[in-house]
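Residue-level listing of the chains:
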Amino acid sequence: MTMNIVVLGAQWGDEGKGKIVDLMTPYFAIVARYQGGHNAGHTVYVAGRKFVLHLIPSGILHDGVTCIIGNGVVVDPPALFAEIEELAGLGIEVGERLLISEKAHLILPYHRELDILSEARRGERKIGTTSRGIGPAYEDKIGRRGIRMCDLADTKALADEVRANVDARNQIIRDSTLDWHVVYRDLLAYGGRMRRWTADASLFLANAIKSGKRVLFEGAQATMLDIDHGTYPYVTSSNASIGGVCTGLGVAPRAIDGVLGVAKAYTTRVGEGPLPTELFGELAERLRESGQEYGASTGRPRRCGWYDAVVVRYAARINGLDALALTKLDVLDGLDELRICTGYRIGGRVVTEFPAALSEDSCEAIYDTLPGWKEPTRGARSFDELPIEARSYVKRLEEVSGVPCAIVSTGSDRDETIIRKDSVAATWLSTPASV
Ligand code: GDP
Ligand code: IMO
Ligand code: MG
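So, a few notes on the structure that sits alongside this text. (Residues numbered from 1 in each chain as written. Chains lettered and ligands numbered in written order. Predicted model: local features only at pLDDT ≥ 70, side-chain atom pairs only at ≥ 80, totals over all residues. Heavy atoms only, no water.)

1. With respect to the site of ligand 1
Within the structure, ligand 1 sits among 19 residues, and Lys17, Gly41, Thr43, Asp330 and Ser409 are positioned closest to it. In this structure, lysine 17 approaches ligand 1 through a main-chain N or O atom, which is 2.7 Å from an oxygen atom. Within the side chain of serine 409, one N or O atom sits 2.5 Å away from an oxygen atom of ligand 1. Coverage of ligand 1 by the protein chains reaches 93% of its 590 Å² of free accessible surface. Put simply, the parts of the chain that give the shell around ligand 1 at least two residues each are α1 (17–24) and β3 (42–46). (Near = heavy atom within 4 Å. Polar contact = N/O pair within 3.5 Å; in protein donor to acceptor, adjacent residues only side chain to side chain. Areas by Shrake-Rupley, 256 points an atom, 1.4 Å probe, with all protein chains shown as cover. Helix = DSSP H or I, 4+ residues; strand = E, 2+ residues; numbered from the N terminus.)

See the structure below:
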């Protein structure tokens, strides 16, 4: 059995997917990203050294692993090369280990401008995007005017397409001085440099899976930021939940053997939109500082709140989660008491399913209150060594979320992790890959 596993976010992003993917990578031959772009910031610490991956799958830190950027990802060429150079500076050579789908769409300079303009026009209703041009690039894809990796080969057709697109953009961005010749020339240059990595990713994956290689699918963003299933319109512009794996890589659902949702032991969100368990004041500050809750891509402070089981239960349903990797348990060390949200009170009614439209003003979170713990959990590597209150917290959280915690993370380093005995993760991670 090949056992290909998906790792994706079960909340609003930044759950620690990078850390979990990195620690699982030794058991896989291939790590593949299926959506999003360099709006993602996946942090991995190895022996105290910090790596932040944006476009390149977090598996790149392991020798011999092939990393795939799927057709569902939007690729910004300068951002890609900046990341490759940064990795090289840290001693990681991408070399021939990268493969980019020929069908992946490109982020062009005007997408960034349009992103910023669109946010300015929304004023108080702004999404709080990462300003990376993600939304406009996906708009062009759906609008059937996007430019794909494979389109860089046909220079004549590319010139026509770039010219039409830049002309159209210049109509919208009136003070734009963007010259289509410049965009075209830069694209050709990037096209030449990216050719070595461009391939049919779907075919590559199909052949690899057929020959028994294991694939780890790495989600970016998260279920609650999914364009269809998230807190629309305060979402990103791609399918970050399970469906994105098939559409974003050209793999069949049968190729997926397991789904791991990553969730923080509390909740955070960057940007605007509802966050029913949001905390303010001293407690929010306490979580932000001890959890170092500042965006890995933009540096923005993250909004912090209690663990929301309504959200994770919803993510479990949408994605068919087999298990959770619960991260940042150590951040809760030393708190007197903890809360877990089990439902919302909306207009006098108790709601336990996440609603399609949620107005924060009329939504009150309903909590279970549990005792905190005094002894540190930081760095714990077995469930039994956790303080009894921490174990009770995890157990209660499993009950109300309806998913078992197969992995509990107790620090940012690879080794600061509990892989629970008899869990699906213990099965998934039993035989290292021979890559
Ligand atoms: P991602 O986008 O889901 O990969 O998550 P980010 O990298 O944006 O944010 C997660 C942050 O939490 C990173 O700085 C990680 O190094 C850190 N982190 C991950 N797991 C743990 C943990 O168990 N404890 C602590 N203290 N930090 C963690
Ligand atoms: P990772 O993969 C957290 C948020 C932005 C904004 C919304 C739309 O590191 O978990 P976009 O630029 O995508 O159009 O912004 O989505 N967002 C993220 N929040 N983690 C991320 O990625 C995010 N990527 C986008 O803050 O609210
Ligand atoms: Mg992140």
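That covers the picture; the talk isn't over yet.
2. Considerations on the packing of aromatic side chains
By the definition in use, this model includes seven aromatic pairs. When the ring of phenylalanine 81 is compared with that of tyrosine 190, the centres are 5.7 Å apart and the planes differ by 20°; the resulting orientation is stacked. Highlighted residues: phenylalanine 81 in helix α2 (residues 77–89) and tyrosine 190 in helix α6 (residues 180–194), separated in sequence by 109 residues. Taking the relative accessible area as the measure of exposure, tyrosine 190 reaches 21% and is therefore partly exposed. Between tyrosine 344 and phenylalanine 354, the aromatic rings sit 6.0 Å apart at their centres with planes inclined by 80°, giving edge-to-face as the arrangement. Linking tyrosine 344 in strand β16 (residues 337–346) with phenylalanine 354 in the loop between β17 (349–351) and β18 (363–371), this pair joins segments that are ten residues apart in sequence. Of the two residues, tyrosine 344 and phenylalanine 354, neither departs from the other in class, the shared state being buried. Taken together, Trp12, Tyr314, Tyr344 and Phe354 form an aromatic cluster joined through their ring pairs. Geometry around phenylalanine 81 places arginine 193 over its ring, the cationic atom sitting 3.8 Å from the centre. Arginine 420 extends its terminal NZ or CZ atom over the ring of phenylalanine 383, reaching a point 3.8 Å from the ring centre. (Phe/Tyr/Trp six-rings, centres within 6.5 Å; stacked < 30°, edge-to-face > 60°. Buried < 20%, exposed > 50% of the residue type's maximum accessible area, 1.4 Å probe, protein only. Lys NZ or Arg CZ within 6 Å of the ring centre and 35° of its normal.)

3. Overview of the coordination of the magnesium ion (ligand 3)
Those protein atoms acting as donors to the magnesium ion (ligand 3) are Asp14 (OD) and Gly41 (O), and they sit at 2.1 to 2.2 Å. Taken together, the residues span a long stretch of sequence, with aspartate 14 in the loop between β1 (5–9) and α1 and glycine 41 in the loop between β2 (30–33) and β3 at a distance of 27 residues. Looking at glycine 41, the relative accessible area reads 11%, which means it is buried. (Donors = N, O, S within 2.8 Å, 3.2 Å for Na, K, Ca; no water.)

4. Here we look at the site of ligand 2
Not every one of the 20 residues close to ligand 2 is listed here, only the nearest: Lys17, His42, Thr130, Gln221 and Thr236. In isolation ligand 2 offers 550 Å² of accessible surface; the protein chains occlude 97% of this area. If you count residues domain by domain, the shell around ligand 2 takes at least three from each of domain 1 (5–102 + 200–428) and domain 2 (105–196). (Domains from an automatic or database assignment.)

5. Re the pairing of strand β7 (residues 98–101)
Burial of the side chains of β7 extends over both faces: Leu98 and Ile100 are buried on one face and Leu99 and Ser101 on the other. Relative to β7, strand β5 (residues 66–69) is paired through three bridges, and the arrangement is parallel. Counterpart to isoleucine 68 in the pairing with β7 is leucine 99. Where β7 meets strand β9 (residues 198–199), two bridges bridge the pair, whose relative direction is parallel. Each residue of the ladder has a partner; that of isoleucine 100, found in β9, is threonine 198. (Pairing = 2+ DSSP bridges.)

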